[in-house]
Amino acid sequence: MNTARTNLLNFDAAKMAEYVAGLNEKPFRAKQLMQWVHQRGISDVALMTDLAKSFRTTLAEDAEVVSLPVIQDHWADDGTRKWLLDVGAGNAVEMVYIPEDDRGTLCVSSQAGCAVNCRFCSTGHQGFARNLTPAEIIGQLWFAEHHLRQDPNAIRRLDEDCATQQSGRVISNVVMMGMGEPLLNYESVLIALRLMLDDHAYGLSRRRVTVSTSGVVPMMDRLAQDCPVALAVSLHAPNDTLRNELVPLNQKYQLKELIAACDRYLPFAPRDFITFEYCMLDGVNDQDQHAKELIRLLKGLHCKLNLIPFNPFPESGLKRSPPARVKEFAQILQDAQIVTTVRKTRGDDIAAACGQLAGDVIDRTNRNQRQERAMRSEHVVQWQER
Ligand code: SAH
Ligand code: SF4
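This section reports on the structure supplied with the text. Source: prediction; values computed, not measured. (Residues numbered from 1 in each chain as written. Chains lettered and ligands numbered in written order. Predicted model: local features only at pLDDT ≥ 70, side-chain atom pairs only at ≥ 80, totals over all residues. Heavy atoms only, no water.)

### Some thoughts on the overall build of the protein
Secondary structure summary: the protein contains 15 helices and 14 strands in total. For the protein, the residues scored as buried account for 55% of the 386 residues in total. Here the contacts in the protein between residues at least 6 apart in sequence split such that 68% fall between residues at least 24 apart. For the protein, the computed accessible surface area is about 16,400 Å², with 49% contributed by carbon and sulfur atoms. (Helix = DSSP H or I, 4+ residues; strand = E, 2+ residues; numbered from the N terminus. Buried < 20%, exposed > 50% of the residue type's maximum accessible area, 1.4 Å probe, protein only. Contact = heavy atoms within 4.5 Å. Areas by Shrake-Rupley, 256 points an atom, 1.4 Å probe, with all protein chains shown as cover.)

### Some details on the packing of aromatic side chains
Per the stated rule, a full pass over the model turns up four aromatic pairs. Residues Trp 83 and Phe 143 carry aromatic rings whose centres are separated by 5.9 Å and whose planes lie at 90° to one another, so their mutual orientation is edge-to-face. Of the two residues, Trp 83 is situated in strand β4 (residues 81-88) and Phe 143 in helix α5 (residues 134-149); the sequence distance between them amounts to 60 residues. Judged by centre distance (6.4 Å) and plane angle (55°), the rings of Phe 310 and Phe 313 are tilted. No difference in accessibility class separates Phe 310 from Phe 313, as the two residues are buried. The ring of Trp 36 has Arg 40 lying over it, and the distance from NZ or CZ to the ring centre is 3.9 Å. Sitting over the face of the ring of Phe 273, Lys 304 holds its NZ or CZ atom 4.3 Å from the ring centroid. (Phe/Tyr/Trp six-rings, centres within 6.5 Å; stacked < 30°, edge-to-face > 60°. Lys NZ or Arg CZ within 6 Å of the ring centre and 35° of its normal.)

### Section: the site of ligand 2
Every residue near ligand 2 is listed here: Cys 114, Val 116, Asn 117, Cys 118, Cys 121, Gly 124, Gly 180, Glu 181 and Ser 214. Here the residues of the shell around ligand 2 are counted per class, giving four nonpolar, four polar and one charged. (Near = heavy atom within 4 Å. Nonpolar A, V, L, I, M, F, W, Y, C, P; charged D, E, K, R; others polar.)

### Details of the pairing of strand β11 (residues 230-234)
Most of β11 is tucked away: five of the five residues are buried. Here β11 shows no split at all, with Ala 230, Ala 232 and Ser 234 on one side and Leu 231 and Val 233 on the other all buried. The pairing of strand β10 (residues 209-213) with β11 spans four bridges and is classified as parallel. Within the sheet, the bridge partner assigned to Thr 213 lies in β11 and is Val 233. Following the backbone out of β10, through helix α9 (residues 217-226) and into the adjacent parallel β11, one traces a crossover that is right-handed. In the sheet, β11 pairs with strand β12 (residues 274-280) via three bridges, with the strands oriented parallel. The residue of β12 that forms the bridge with Ser 234 is Glu 277. (Pairing = 2+ DSSP bridges. Right-handed = clockwise from strand over helix to strand, strands pointing away.)

### A few points about helix α3 (residues 53-62)
Since the α-helix advances by 3.6 residues per turn, residues separated by three or four positions end up pointing in the same direction. For α3, the complete set of buried residues consists of Phe 55, Arg 56 and Leu 59. With its buried residues spanning 100° around the axis, α3 presents them on a single face. For α3, the exposed residues set more than 90 degrees away from the buried face come down to Lys 53 and Glu 61. Buried residues along α3 sit in contact with α1 (13-22), α2 (28-39) and β2 (63-64). (Arc of directions from axis to C-beta.)

### Things to note about the environment of Ser 172
As for its position among the elements, Ser 172 is in the loop between α7 (163-167) and β9 (173-176). In this structure the C-alpha to C-alpha distance between Ser 172 and Val 209, which are 37 residues apart in sequence, comes to 8.8 Å. Among the polar contacts made by the side chain of Ser 172, one reaches the side chain of Asn 173 at a distance of 2.7 Å. (Polar contact = N/O pair within 3.5 Å; in protein donor to acceptor, adjacent residues only side chain to side chain.)

Printed below as a string of C-alpha cells:
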C-alpha cells in the first residue's frame, strides 16, 4: 500500500501547478484538478472525466483528497450546524455553519488547542496540541460546502434570495474564529485563505473571508501584504494592565503596537474598517470607565466594535455581563460615534461556542456531567457581523 499519498487539499494554485508540472502534465491540468476537487467536491479521480486516462491512473496511485474525519454532527433548531473533527491523539477541533437570510457562514478552526491561553476561552484552557495542515483547514470548507449542498434540509433553510443560493453555493462567508490563533499557524492558513479566494476553488470575496486574531502584530503586517482579507482583532480590554491578564499575548505586543498595526492594515483591508471583538465579562471589563478608555484608545481609527456575550465555562471563574450592562456599555460607545454591535447568540441547543464542544470531548472522564452541561448552558457561536 502507498502510505505517503499526496493530499491535493494541501495545494493552493501555485503548489498545484508545481505538482502537476512534476508529473509532466500541462499547466491547465492544475486548474482542472482544482475545479474538480474544490468546486465539484470530487475526491475520486476516476470521476474526473476530462483528465487523460494516463493522468488519472497516475493520480489514483499518488494522490488523495482527504479531510478530517467527523466525530460528531449537531444540528440546532435555528439551523446552526456544528461538526466535531478528529485530529488524532485524542484531540478534536470544531467547525460551525450558521445559515442566515442572506448568507451562509462557516466558522473554521486553525489549530488543535491554542497556546495564547486567554482567560475567558475554553480552547485556551485546553492548551496547544498542534497546528492544522492546509488540507485540514481548507478541508473544513471543502467538506461543509459539499456535504451541505447534498443536504436538502440545509438548502431549504436558506432564503430564496440568499446570495449563496444564486451562486449555487451554500457557504458565502468564512470566519477563522474556531479553535486556534490563525496567525500563529501562518503558512498553512495562508494557503487555505488563497484557496478560499481562488476562482478555480471557492471564489469567495475578500470581504467575506475574515481572519480573527488576538494580535500577532508582525503577522498582521504579513497578511496585509500576502492576502489582505477582512480583519477582526480580539481586543477584550482597553488598557495593557487588564489585557495582559485576559490575553497574555498582550505582554508581547502591547495595545499601542496593536492599534498601530491595525492602522497599517487598513489601507490593504477589503473593508474600510477593522472589527474589534470584545467579550463582555461581568465586573472585569464591562464598567463605564472601560468604555471611556476604549473611546480614547480607538479614537481616529476606522473600526467597528462587536460586543460578545461571554460563553461561560466552569474553569474560567468568570461570568457573562448582564444584558442591561451590555446595553449601557454599548450606548456610551455609540454616543462617542463608535459603531457598536452586540453579537446575538445562535445555536442555543448545541454547544456552539469557541472550543466548547471539543473541550467536552477531550474531557472524557465524566460523560453525564458533560451532557448535562451541554443541555444546560446557553451558547454563542462566532460569526461575521453585518
Ligand atoms: N484566536 C483567534 C480566533 C479564534 S477565537 C482570536 O482570539 O481572535 C474567536 C473569538 O471567540 C475571539 O474573539 C475570542 O475572543 C472569542 N471567544 C473565545 N472564548 C470565548 C467565550 N468563552 N465566550 C465568548 N467569546 C469567546
Ligand atoms: Fe486562542 Fe483565540 Fe482562544 Fe485566545 S481567544 S486562547 S487566541 S483561540
